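Tertiary structure, described
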Amino acid sequence: MNDIIIRPLSPGDANAWRGLFRGYCEFYKVAFSDDLADRVWQWLMDDGKDFHGLVATQVDKLLGFAHYRSFPSSLTGTTACFFDDLFVLPDTRGKKIGRQLMMAVKDVAKKNGWTMVTWLTADNNYRARPLYDSIATRTSWITYEMDV
């Protein structure tokens with residue numbers, strides 16, 4: 001799988017990205033809907049939104065995606081990167097595509113002068129956590145969610 005190309009998401013990727021996004025929703029047991037996919041796609045394609053996507057491709061087939069955005073870090077007085085989503089097709093996992101996508105996000109952060117890349121993952125995401133542990137430091141922060 002040496003001919004993997006990591007590149008920015010483009011308008012022509014809509015249908016293939018939608019299939020990957022459906023798989024991402026299924027993995028996290030979130031109900032997929034066309035409305036949800038349309039909204040997220042619109043965010044990704046809107047130059048006015050600070051929400052971006054990279055894709056891993058091989059011979060014009062999308063194998064995975066990474067979504068990210070910048071955010072102000074008040075404790076450091078800098079801009080950092082939040083890595084929102086990572087998904088790789090199940091039959092291509094273990095081939096370092098996730099690592100390539102994550103390192104590409106790191107490269108974007110470096111290019112933009114952002115000071116760190118941070119993300120969340122499910123505690124039981126045992127498949128991805130060894131990758132995360134190999135490239136980043138696990139923090140002691142606990143996450144809460146408040147319904148509105």
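Residues numbered from 1 in each chain as written. Predicted model: local features only at pLDDT ≥ 70, side-chain atom pairs only at ≥ 80, totals over all residues. Heavy atoms only, no water.

On to the sheet that holds strand E4 (residues 78–88), then. Overall, mixed pairing links the five strands, which are arranged E1-E2-E3-E4-E5 in an open sheet. What marks the edges here is a single partner per strand, and that holds for strand E1 (5–8) and strand E5 (117–118). Where E4 lies against E5, two bridges are found, and the strand directions are parallel. Bridged to Phe82 within E5 is Thr118. Across the face of the sheet, helix H1 (residues 14–27) comes into contact with strand E3 (61–73) and E4 while running at roughly 70 degrees to E3. (Pairing = 2+ DSSP bridges. Helix = DSSP H or I, 4+ residues; strand = E, 2+ residues; numbered from the N terminus. Contact = heavy atoms within 4.5 Å. Axes fitted to C-alpha atoms, helices over the stretch in contact; angles between N-to-C directions.)

A complete count under the given rule lists 14 aromatic pairs for this structure. A centroid spacing of 5.4 Å and a plane angle of 70 degrees characterise the contact between Trp119 and Tyr132, whose relative ring orientation is edge-to-face. Taken as a pair, Trp119 in the loop between E5 and helix H4 (129–135) and Tyr132 in helix H4 lie far apart in primary sequence, 13 residues in all. With a relative accessible area of 21%, Trp119 lands in the partly exposed category. For Tyr132, a relative accessible area of 11% corresponds to the buried category. Grouped by ring-pair contacts, the aromatic residues Trp17, Phe21, Tyr24, Phe27, Tyr28, Phe32, Trp41, Phe65 and Phe87 constitute a single cluster. (Phe/Tyr/Trp six-rings, centres within 6.5 Å; stacked < 30°, edge-to-face > 60°. Buried < 20%, exposed > 50% of the residue type's maximum accessible area, 1.4 Å probe, protein only.)

Coordinates in, geometry out; function isn't part of it.
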